[in-house]
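The residues making up each chain are set out below.
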Amino acid sequence: MKIGKDFEKIEFEMFGLELLEPNAFIGDILIAAFSLYAFFQLRHAPVSPFFSHWKRFFLLFVLSFIAGGFGHLMFNYWDVPGKYLSWYLGILSPYFIEQAMGSMHPNERIRTWWMNLSHLKLALSLMGETLVVAFLDLSENPTNGMHVITATTSIGLIASLGFLGRYYQKLFHDGFKYFWWSVLTMIPILVLQLGKISFFQWFDRNDASHLLIIVGIYCYLTGIQAHQAVLQSKVEST
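Below: a short report on this structure. In this text, all values refer to a predicted model and were calculated from it rather than measured experimentally.

**Examining the overall build of the protein**
Within the protein, the regular secondary structure consists of 9 helices and 4 strands. Ordered by position from N to C terminus, the α and β elements of the protein give β-β-β-α-α-α-α-α-α-α-α-β-α. Expected size for 238 residues packed as a compact globule is a radius of gyration near 18 Å; at 19 Å, the protein falls within 12% of this value. In terms of principal-axis extent, the alpha carbons of the protein reach across some 65 × 35 × 30 Å. A burial count over the protein gives 47% of its 238 residues as buried. Taking all contacts inside the protein whose residues are at least 6 apart in sequence as the whole, residues at least 24 apart take part in 71%. Of the roughly 12,700 Å² of accessible surface on the protein, 68% is carried by carbon and sulfur atoms. Averaging the positions of the 16 positive and the 17 negative side-chain charges in the protein gives two centres separated by 15 Å.

**What to know about helix α7 (residues 177–184)**
Listed in full, the buried residues belonging to α7 are Lys177, Phe179, Ser182 and Val183. On its buried face, α7 is in contact with α2 (49–73), α4 (84–102), α6 (147–171), α8 (186–195) and α9 (205–237).

**Considering the pairing of strand β3 (residues 17–20)**
Sheet topology note: the strand β2 (residues 11–14)/β3 ladder contains 4 bridges and is antiparallel. Its bridge partner being in β3, Glu11 is matched across the sheet by Leu20. The antiparallel hairpin formed by β2 and β3 contains 2 residues in its connecting segment, where Phe15 sits at a positive phi of about 55 degrees.

**Regarding a nonpolar patch on the surface**
On the surface, Met14, Phe15, Leu17, Ile29, Ile66, Phe70, Tyr77 and Trp78 cluster together to form a nonpolar patch covering roughly 760 Å² of accessible area. Secondary-structure elements contributing two or more residues to the nonpolar patch are α2 and α3 (75–78). Mapped onto the elements, Ile66 comes out in helix α2. A residue is classified by how much of its surface remains accessible, and Ile66, at 35% relative accessible area, is partly exposed.

**A word on a negative patch on the surface**
A contiguous patch of negative charge, built from Glu8, Glu11, Glu13 and Glu18, is present on the exposed surface. When its relative accessible area of 60% is taken as the criterion, Glu11 is described as exposed.

**Some remarks on the packing of aromatic side chains**
One pass over the full model with this rule turns up 24 aromatic pairs. Considering the side-chain rings of Phe50 and Phe51, the 5.1 Å spacing of their centres and the 85 degrees angle between planes classify their relative orientation as edge-to-face. Consider the rings of Tyr167 and Tyr168, whose centres lie 5.8 Å apart with planes at 45 degrees: the pair is tilted.

**What about the packing of helix α5 (residues 108–135) against α6?**
Following both chains from N to C, one finds α5 and α6 inclined at 165 degrees, their axes separated by 9 Å at the closest point. Comparing the axis directions of α5 and α6 gives the class roughly antiparallel. Handedness of the crossing formed by α5 with α6: left-handed. Of α6, the residues touching α5 (which contributes Trp114, Lys121, Ser125, Gly128, Glu129 and Val132) are Val148, Ile149, Thr152, Ile155, Gly156, Ala159, Ser160 and Leu164. Considered class by class, the residues forming the contact of α5 with α6 number 7 nonpolar, 5 polar and 2 charged.

**Observations regarding α8**
An α-helical turn contains 3.6 residues, so a residue and the one three or four places further along point in the same direction. When we look at burial in α8, the residues that qualify are Met186, Ile189 and Leu192. For α8, the buried positions fall inside an angular range of 125 degrees around the axis, keeping them on one side. In α8, the exposed positions angled more than 90 degrees off the buried face are occupied by Ile187 and Leu194. Elements that come into contact with the buried residues of α8 comprise α6, α7, β4 (197–198) and α9.

**Section: the side chain of Thr185**
Here Thr185 shows up in the loop between α7 and α8. Given the relative accessible area of 13%, Thr185 is considered buried. The residues touching Thr185, leaving out its near neighbours within four places in the chain, are Leu212, Val215 and Gly216.

The rules behind these values
- Residues numbered from 1 in each chain as written.
- Predicted model: local features only at pLDDT ≥ 70, side-chain atom pairs only at ≥ 80, totals over all residues.
- Heavy atoms only, no water.
- Helix = DSSP H or I, 4+ residues; strand = E, 2+ residues; numbered from the N terminus.
- Rg over C-alpha atoms; globule rule 2.2 N^0.38 Å.
- Buried < 20%, exposed > 50% of the residue type's maximum accessible area, 1.4 Å probe, protein only.
- Contact = heavy atoms within 4.5 Å.
- Areas by Shrake-Rupley, 256 points an atom, 1.4 Å probe, with all protein chains shown as cover.
- Lys, Arg positive; Asp, Glu negative; His and termini not counted.
- Charge placed at Lys NZ, Arg CZ, Asp CG, Glu CD.
- Pairing = 2+ DSSP bridges.
- Patch = residues over 30% accessible without salt bridge, like charges linked within 9 Å, V, L, I, M, F, W, Y side chains within 5 Å.
- Salt bridge = Lys/Arg side-chain N within 4 Å of Asp/Glu carboxyl O.
- Phe/Tyr/Trp six-rings, centres within 6.5 Å; stacked < 30°, edge-to-face > 60°.
- Axes fitted to C-alpha atoms, helices over the stretch in contact; angles between N-to-C directions.
- Parallel < 35°, antiparallel > 145°, perpendicular 65-115°, else oblique.
- Left-handed = near helix turned anticlockwise from the far one by under 90°.
- Nonpolar A, V, L, I, M, F, W, Y, C, P; charged D, E, K, R; others polar.
- Arc of directions from axis to C-beta.

Next up, the structure:
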């Protein structure tokens, strides 16, 4: 176990290529696969901004983590630019969660304010990431490129899933508890990442974070399906 310092990156050779971090690649592909499963689980969801934005989120999450997995695997060839796509998709993905949750607010004025603030947050985050990529030397420490993503994701998820999820649980039905429960998975992720706490070389802080992200995705899907079930029961009772 290491705290405050990372293990050496795992190197291996396949098909004549010098590849890196197979554990990170596997974790990213597992997240992508589970997100794709969640996307297809919603294929018969009602037509509404809530469900449409959630489907867009899951689809972007699939693309983001596939890109991220290959960014790890092919780092010896693609270097830092190989991570750009996953970084930008990582900023865009939570935007759709914010839009999905905001679309449910019963107060039109607050709903409009929330949506516009989410638009502004996305624009500022994309600009901030572009400045980081353009002006910081990320070759020494590529993880510096994740700071904007971590900040904007944490703020967006805590606000939309945490505060709105709790509010909607009281306002609509108990199924919304799964959204704020998902925020609880962020706490150990932040502890692992900020403290650089890794258990083994083949199961480092990123691998542990990947498992927690999958738990979070499960909470998202459970909450969405709970809301879908409530809507369906209302339709059947009329």
